[in-house]
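Survey of secondary and tertiary structure
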Amino acid sequence: MKLVLFGATGMVGSRIATEASARGHQVLAVSRSGQSPVPGVTATAADATDREKVTEVARGADAVASACVPPRDGSDPGAPFLALNQALVAGVRAAGVGRLLVVGGAGGLEVAPGQALSDQPGFPEAYLPEAHAHRAVLAYYRTLDDDLDWTYVSPAAEIAPGTRTGRFRVDGDQFMTDDQGRSFISAEDYAVAFVDELEQHAHPRGRMSVAY
């Protein structure tokens, strides 16, 4: 499968590139720097906010993935991050690619029906802007009524470099914790779940969540 991966040099994106390449997929790693996160993986420079550039690099792909993150420059990331995803969708459509996978956030996962994690007392205030930005992006994807087949992949509340075990749980909109009440996934195992979804297509036009 040919995968065009935006945000490929980040913590999560680089691990998705590693996992997909190791499984034999052809990965085009896209970032502003144009550097390859994985030896042997082809890289190119492009900005996901540039819809024409997105179209150019995505043309001919079987799927496009975005591991882009909201801006972390101290400003409100909501509008810029939504605009990035809108440009990405427009570019993917123009390229004629029907499949888009998106690295999401955990703040919008439900701790109970209709109750999002980021709305709960004690949710870290420093992470609220990013959580709200991710929730707005998911709401945008849910408005799409054409044939673009998207999947939004939410990690656990904590995601960090770690070990690839290949053992984790997958759900839909639910926030998951382990027996000790911790919500965690290694970036390596998140990448496994992400590429599993690329291959298995188990959550079309919806959200999936991944945690131990």
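Criteria and cut-off values
Residues numbered from 1 in each chain as written. Predicted model: local features only at pLDDT ≥ 70, side-chain atom pairs only at ≥ 80, totals over all residues. Heavy atoms only, no water. Phe/Tyr/Trp six-rings, centres within 6.5 Å; stacked < 30°, edge-to-face > 60°. Helix = DSSP H or I, 4+ residues; strand = E, 2+ residues; numbered from the N terminus. Core = buried A, V, L, I, M, F, W, Y, C linked by side-chain atoms within 4.5 Å. Buried < 20%, exposed > 50% of the residue type's maximum accessible area, 1.4 Å probe, protein only. Salt bridge = Lys/Arg side-chain N within 4 Å of Asp/Glu carboxyl O. Axes fitted to C-alpha atoms, helices over the stretch in contact; angles between N-to-C directions. Left-handed = near helix turned anticlockwise from the far one by under 90°. Contact = heavy atoms within 4.5 Å. Nonpolar A, V, L, I, M, F, W, Y, C, P; charged D, E, K, R; others polar. Pairing = 2+ DSSP bridges. Expected span 1.5 Å × (residues − 1).

Observations concerning the packing of aromatic side chains
Summed over the entire model, instances satisfying the criterion amount to 4 aromatic pairs. Their ring planes at 40° and their centres at 5.9 Å tell us that F184 and Y212 sit as a pair that is tilted. Residue F184 is located in strand β11 (residues 184–186), and its partner Y212 is located in the segment after β12 (206–211); the two are separated by 28 residues in the primary sequence. Ring-pair connections join several aromatic residues into one group, and the members of that group are Y140, Y141 and W150.

Regarding the nonpolar core
Among the nonpolar cores identified, the biggest contains 30 residues, and V4, F6, V64, L88, V92, L100 and Y141 are the most heavily contacted of them. Among the elements of the structure, β1 (2–6), β2 (26–31), α2 (51–58), α3 (78–95), β5 (99–103), α4 (128–143) and β8 (149–154) are those that each provide at least two residues to this core. Sort the elements by how many residues they give to this core and α3 lands first, with 6 residues. Formed by 29 residues, the second largest nonpolar core is a distinct cluster that contains L5, V27, A67 and A191.

Let's talk about the pattern of salt bridges
Enumeration over the complete set of coordinates arrives at 13 salt bridges. Where D47 meets R32, a salt bridge forms, and the shortest distance between an N and an O atom there is 3.5 Å. You can see D47 sitting in the loop between β3 (42–45) and α2 and its partner R32 sitting in the loop between β2 and β3, a full 15 residues away along the chain. In this structure, the salt-bridge partner of E130 is R72, at a minimum N-O distance of 2.9 Å. Of this pair, E130 sits in helix α4 while R72 sits in the loop between β4 (63–66) and α3, placing them 58 residues apart in sequence. Overall, the relative accessible area of 22% leaves E130 in the partly exposed class. Of the residues examined, R72 reaches a relative accessible area of 62% and is grouped as exposed.

Description of the packing of α3 against α4
Packing of α3 against α4 leaves a shortest axis separation of 9 Å and a crossing angle of 30°. Crossing of α3 against α4: the hand is right-handed. Every residue of α4 that contacts α3 at G78, F81, L82, N85, Q86, L88 and V89 is listed here: A133, H134, A136, V137, Y140 and Y141. Considered class by class, the residues forming the contact of α3 with α4 number 9 nonpolar, 4 polar and no charged.

A closer look at the sheet that holds β12
Sheet strands associate in pairs through backbone hydrogen bonding, adopting either a parallel or an antiparallel arrangement. Taken in spatial order, the 8 strands make up an open sheet running β3-β2-β1-β4-β5-β8-β12-β10, and their pairing is mixed. The two strands at the open ends of the sheet, each matched to only one other strand, are β3 and β10 (169–171). Adjacent strand axes in the sheet meet at a mean angle of 20°, parallel and antiparallel pairs treated alike. Sitting on the sheet, α3 touches β1, β4 and β5, and the angle it makes with β5 is about 160°. Contacts from α4 reach β5, β8 and β12 within the one sheet, and its direction differs from that of β8 by about 155°.

Brief notes about the environment of L28
With respect to the helices, strands and loops of the structure, L28 is situated in strand β2. For the pair L28 and H203, spaced 175 residues apart in the sequence, the C-alpha separation amounts to 23 Å. Ignoring anything within four residues of it in the chain, the contact list for L28 reads L3, V4, L5, T42, A43, T44 and V57.

Quick word on helix α1 (residues 11–22)
Between its first and last C-alpha atoms α1 spans 17 Å; for 12 residues at 1.5 Å apiece the expected length is 16 Å, and the two agree. Taken residue by residue, α1 has V12, G13, S14, I16, A17, E19 and A20 as its buried positions. As for α1, its buried residues are in contact with β1, β2, β5, β9 (158–160) and α5 (187–200). Looking one or two places after α1, you find G24, whose phi comes out positive at around 95°.

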